[in-house]
Amino acid sequence: MPVTAAALLALTACGTETTPGGDRKSAGQGAGQGTVQPDLALTGVRWTVESSTADGRKAAAPENTFVQIDDKGAVKGNYGCNSFTGRATVKGDTVTLDKLLSTQMACDVQDFELAMRKAFKEPLKAAVDGDRLTLTTATGDTLALTSRPKKEPAAPLAGTRWTVTSFSDRKTVDGGGGGDGGGGDGGSTASTVPADLAGKAHLTFGKDGSLSGRTGCNSLTGTAKESGGKLVLGRVATTRRMCQGAAGEVEKKILKVLTGTVSYTVDGRALSLTSPAGAGLEATAAP
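> Can you break down the packing of aromatic side chains residue by residue, with the values?
Counted according to the given criterion, the structure contains three aromatic pairs. Ring centres of Y79 and F120 lie 6.3 Å apart, and the angle between their planes is 40°; this geometry places the pair in the tilted category. With Y79 in the loop between β6 (74-78) and β7 (83-91) and F120 in the loop between α1 (110-119) and β9 (124-129), this residue pair connects regions lying 41 residues apart in the sequence. F120 shares its class with Y79; the two are buried. Put simply, the rings of Y79, F84 and F120 pair up and form one aromatic cluster. Lying over the aromatic face of F66, R46 brings its terminal NZ or CZ to 3.6 Å of the ring centre.

> Can you explain the pairing of strand β21 (residues 279-285)? Please cite residues and give values.
Burial of β21 is extensive: seven of the seven residues sit out of reach of the surface. As paired strands, strand β20 (residues 270-274) and β21 are joined by five bridges and run antiparallel to one another. For A270, the partnering residue across the bridge sits in β21 and is T284. Hairpin connection between β20 and β21: a loop of four residues separates the two successive antiparallel strands, and G278 in this loop has a positive phi of roughly 100°.

> Could you give an account of the nonpolar core, naming the residues involved and the relevant values?
L203, F205, L211, L258 and L273 are the most contacted members of the largest nonpolar core, which totals 31 residues. Breaking this core down by element, the ones donating at least two residues are β12 (161-173), β14 (201-205), β16 (219-227), β17 (230-233), α2 (245-257), β19 (261-267), β20 and β21. When residues no more than four places from it in sequence are discounted, the contact partners of L258 are L203, L211, L220, L233, V236 and L273. Judged by nonpolar contacts, the second largest core, of 25 residues, contains V67, V95, A119 and L135.

> Requested: an account of the state of the cysteines, with residues and values cited.
In this structure the tally under the stated criterion is one disulfide. One disulfide bridge connects C217 with C243, the sulfur atoms lying 2.0 Å from each other. Its torsion about the S-S bond being -95°, the disulfide of C217 and C243 is classed as left-handed. In this pair, C217 is assigned in the loop between β15 (210-215) and β16 and C243 in the loop between β18 (237-238) and α2, connecting sequence segments 26 residues apart. Note on C243: relative accessible area 18%, which makes it buried.

> Let's hear about α2: which residues, and what values?
If you check α2, its first and last C-alpha atoms are 19 Å apart, about what 13 residues at 1.5 Å a residue would give, namely 18 Å. Three or more residues of α2 are buried, namely A247, G248, V250, E251, I254 and V257.

> Could you give an account of α1, naming the residues involved and the relevant values?
Among all positions in α1, only F112, E113, M116 and A119 are buried. Buried residues of α1, seen end-on, are gathered within an arc of 125° and therefore sit on one face of the element. Seen from the buried face of α1, the exposed residues on the opposite side, beyond 90 degrees, are D111 and K118.

> A description of the confidence of the model for the protein should follow, citing residues and the corresponding values.
In this model, the protein carries an average pLDDT of 81, and 79% of its residues clear a pLDDT of 70 or more. The model gives residues 1-34 a pLDDT under 50, and that stretch makes 45 contacts with residues more than four places away or in other chains. Contacts of residues 172-186 to residues separated by more than four positions or lying in other chains number 16 contacts, the stretch itself having pLDDT below 50.

> Now, about the side chain of T215: what can you tell me, with residues and values included?
Secondary-structure assignment places T215 in strand β15. Among the polar contacts listed, one links the side chain of T215 to the backbone nitrogen of C217, at a separation of 3.3 Å. Engagement of the side chain of T215 in a polar contact is seen with the side chain of E251, the distance being 2.6 Å.

Conventions used here
Residues numbered from 1 in each chain as written. Predicted model: local features only at pLDDT ≥ 70, side-chain atom pairs only at ≥ 80, totals over all residues. Heavy atoms only, no water. Phe/Tyr/Trp six-rings, centres within 6.5 Å; stacked < 30°, edge-to-face > 60°. Helix = DSSP H or I, 4+ residues; strand = E, 2+ residues; numbered from the N terminus. Buried < 20%, exposed > 50% of the residue type's maximum accessible area, 1.4 Å probe, protein only. Lys NZ or Arg CZ within 6 Å of the ring centre and 35° of its normal. Pairing = 2+ DSSP bridges. Core = buried A, V, L, I, M, F, W, Y, C linked by side-chain atoms within 4.5 Å. Contact = heavy atoms within 4.5 Å. Disulfide = S-S within 2.5 Å. Expected span 1.5 Å × (residues − 1). Arc of directions from axis to C-beta. pLDDT = per-residue confidence, 0-100. Polar contact = N/O pair within 3.5 Å; in protein donor to acceptor, adjacent residues only side chain to side chain.

Have a look at this one:
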């Protein structure tokens, strides 16, 4: 089940301890040897990065810097300019991020981004205090985050130019006979838009139900009507330029998402689209 915001106020109560006589108690029944430390409840929350402290120097985070881990261990976020995806493991109070992929745009906030990238290369100690999260490296550098809602309003879906930054593809497998017959998680993949195509793939949803944009190679048009928190997409047409290499792959991934009835979420200046088949893309609102 998804972790609620209320669960962030405490550790999950799953620890046990063994008494000298061999009996097992819950962790809340007293201290003792053999205590199993429960995992911190960090998933299902958009953690906004407020600041970093490295070598004793504190720096405020750029707007839209965040980290979010889902209940399957997938992580996504933004360094303040470039977005990233990867995997996250939470064991006790230790968070480890790996398989991180990011866009490669040139950024005015490079120092902050480099400090954040450096911190994510090693296991981090996590501490939750109410709506605040602190991640600390082995050398004592820290990232301060909060789960409090952003003060600025979310970018509107319609009328905003959404720059495509990354893709995901969550596959499902048939559970086979017996049981409830349901499918299972067949794994997921993630990739980012190549550096030489950064900013060239974008989408705009019109208030009149129109869709326009570019795939990084061709222009595209279509229809996209909002209905019950989803987008019902009509046929998407593109110009006929032949797209080779990375540009062709990016175009294929965008068109794979833009089909049928698509789920979407807008979180601050970030947009997520997911097709019924599990293909997804992430985009950020242009200034």
